[in-house]
Amino acid sequence: MDMRAITSAWVEGWTVSRGTPAAVDQPWGYRIDVGLPRHVLRHVLPAPDAATVGALCERLTEPYSWLKVMADAGDVAPWITEGWTIPDDPGFMMVKPLDPGVRPAPPEGYARTVEVRDGVVRVRILAPDGTLAARGQIAPTGATAVADRIETDAAHRRRGLGANVMLTLEAAAAQAGAATGVLSATTDGRQLYAALGWEYRGPLTGIVRGED
């Protein structure tokens, strides 16, 4: 998959995972009306350039409008205008062929639940005391599936829970018909995903319009 195809798959799966309206095609990429107080909308640009990013920054004046651009933060920073910042850690777009047969056993001493709701597979791992130790979700949309909101509680890290969540999600998406997984990794998450066979395909930078 090239970056445009990866971006398209990620946008479609992200909207399903987050329960937002479907993305609207734009000349520069996609618009998603997210509708949250600190994330009103996002524009996603698979092939950004200075002129396009600059024009969007000038046109979008509502606070907490976001741009998600497939470029390094160092390249993007000179393109943005006053009122916009790059607050996030770097993002890393990653892909992986999915295997329906890799579903692992629940981790010893923990309980795992798998639920499908509104087309999204959700995995939760509970500690022996019943508290949430790790979770994640994946949204299959045909041939691709987008993994999202992968989290492990700090008290339960380095026990293989994140890997267990990911492999469970991957198998469930493959069983639903998806052949390729797509995700946006954080700096912390990238190492885990790489160890599980996810391949880096390109950078992702978030840009946000602040309050006036």
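The structure reproduced in this document is the subject of the present report. All values derive from a computational prediction rather than experimental measurement.

Rules used in this analysis
Residues numbered from 1 in each chain as written. Predicted model: local features only at pLDDT ≥ 70, side-chain atom pairs only at ≥ 80, totals over all residues. Heavy atoms only, no water. Helix = DSSP H or I, 4+ residues; strand = E, 2+ residues; numbered from the N terminus. Contact = heavy atoms within 4.5 Å. Buried < 20%, exposed > 50% of the residue type's maximum accessible area, 1.4 Å probe, protein only. Polar contact = N/O pair within 3.5 Å; in protein donor to acceptor, adjacent residues only side chain to side chain. 1 Å grid on protein atoms, 1.4 Å probe; cavity = no way out; pocket = protein on both sides within 12 Å on 5 of 7 lines; lining within 4 Å. Points joined across faces, edges and corners; volume = space filled by probe spheres on them. Nonpolar A, V, L, I, M, F, W, Y, C, P; charged D, E, K, R; others polar. Salt bridge = Lys/Arg side-chain N within 4 Å of Asp/Glu carboxyl O. Core = buried A, V, L, I, M, F, W, Y, C linked by side-chain atoms within 4.5 Å. Phe/Tyr/Trp six-rings, centres within 6.5 Å; stacked < 30°, edge-to-face > 60°. Lys NZ or Arg CZ within 6 Å of the ring centre and 35° of its normal. Pairing = 2+ DSSP bridges.

### Comments concerning the side chain of Thr20
Then, number 1: Checked against the element boundaries, Thr20 lands in the loop between helix 1 (3–18) and strand 1 (24–26).
Then, number 2: With near-sequence residues (within four places) excluded, Thr20 lies in contact with Trp14, Thr15, Ile32, Asp33 and Val34.

### Let's talk about unusual backbone geometry
Then, number 1: Here the phi dihedral of Tyr64 falls at roughly 65°; this positive angle occurs in a residue that is not glycine.
Then, number 2: Secondary-structure assignment places Tyr64 in the loop between helix 2 (50–59) and strand 4 (65–69).
Then, number 3: Residue classification places Tyr64 among the buried residues on the basis of a relative accessible area of 13%.
Then, number 4: Its identity is not glycine, yet Asp118 carries a phi of approximately 55°, on the positive side.
Then, number 5: Here Asp118 is to be found in the loop between strand 7 (111–117) and strand 8 (120–126).

### Re the side chain of Thr168
Then, number 1: Structurally, the position occupied by Thr168 is in helix 4 (residues 161–175).
Then, number 2: Residue classification places Thr168 among the buried residues on the basis of a relative accessible area of 1%.
Then, number 3: A polar contact of 3.1 Å, which involves the side chain of Thr168, links it to the side chain of Arg112.
Then, number 4: With sequence-adjacent residues up to four places away left out, Thr168 is seen in contact with Arg103, Pro104, Arg112, Val114 and Val123.

### Remarks on the layout of surface pockets
Then, number 1: Of the pockets and cavities examined, the largest pocket occupies roughly 1,200 Å³.
Then, number 2: Around the largest pocket, the lining is made up of 40 residues, and of these Ile150, Thr186, Asp188, Gly189 and Tyr193 lie nearest the centre.
Then, number 3: Elements supplying a minimum of two residues to the lining of the largest pocket: helix 1, strand 4, strand 10 (144–152), helix 4, strand 11 (180–185), helix 5 (187–195) and strand 12 (199–209).
Then, number 4: For the lining of the largest pocket, the per-class residue count stands at 15 nonpolar, 13 polar and 12 charged.

### Observations concerning the pattern of salt bridges
Then, number 1: Enumeration over the complete set of coordinates arrives at 6 salt bridges.
Then, number 2: The shortest N-O distance in the salt bridge between Asp148 and Arg18 comes to 2.6 Å. Of the two residues, Asp148 sits in strand 10 while Arg18 sits in helix 1, which places them 130 residues apart along the sequence.

### A short note on the nonpolar core
Then, number 1: Counting residues in each nonpolar core, the largest one holds 27 residues, and the members touching the most others are Ile138, Met166, Leu183, Tyr193 and Trp198.
Then, number 2: Counting residues per element, the ones that place at least two in this core are strand 6 (91–97), strand 8, strand 9 (132–141), strand 10, helix 4 and strand 11.
Then, number 3: By residue number, the principal contributor to this core is helix 4, which donates 8 residues.
Then, number 4: Ile32, Val44, Met70 and Val182 belong to the second largest nonpolar core, which has 15 residues in total.

### Thoughts on the packing of aromatic side chains
Then, number 1: Per the counting criterion, the structure on display carries 2 aromatic pairs.
Then, number 2: Between the aromatic rings of Phe92 and Tyr200, the centroid separation amounts to 6.0 Å while the plane-to-plane angle is 65°, which identifies the pairing as edge-to-face. Residue Phe92 is located in strand 6, and its partner Tyr200 is located in strand 12; the two are separated by 108 residues in the primary sequence.
Then, number 3: The class of Tyr200 is partly exposed, set by a relative accessible area of 35%.
Then, number 4: The ring of Trp14 carries the charged tip of Arg42 above its face, separated from the ring centre by 3.9 Å.
Then, number 5: Across from the ring centre of Tyr200, 4.4 Å away, lies the NZ or CZ of Arg190, which sits over that ring.

### Remarks on the pairing of strand 12
Then, number 1: Burial runs high along strand 12: 8 of the 11 residues are buried.
Then, number 2: In this sheet, strand 12 lies alongside strand 4 in antiparallel orientation, the contact comprising 4 bridges. Within the sheet, the bridge partner assigned to Val69 lies in strand 12 and is Thr205.
Then, number 3: The sheet contact formed by strand 6 and strand 12 spans 5 bridges and is antiparallel. Along strand 12, the bridge assignment pairs Met94 with Tyr200.

Keep in mind these values describe shape, not function.
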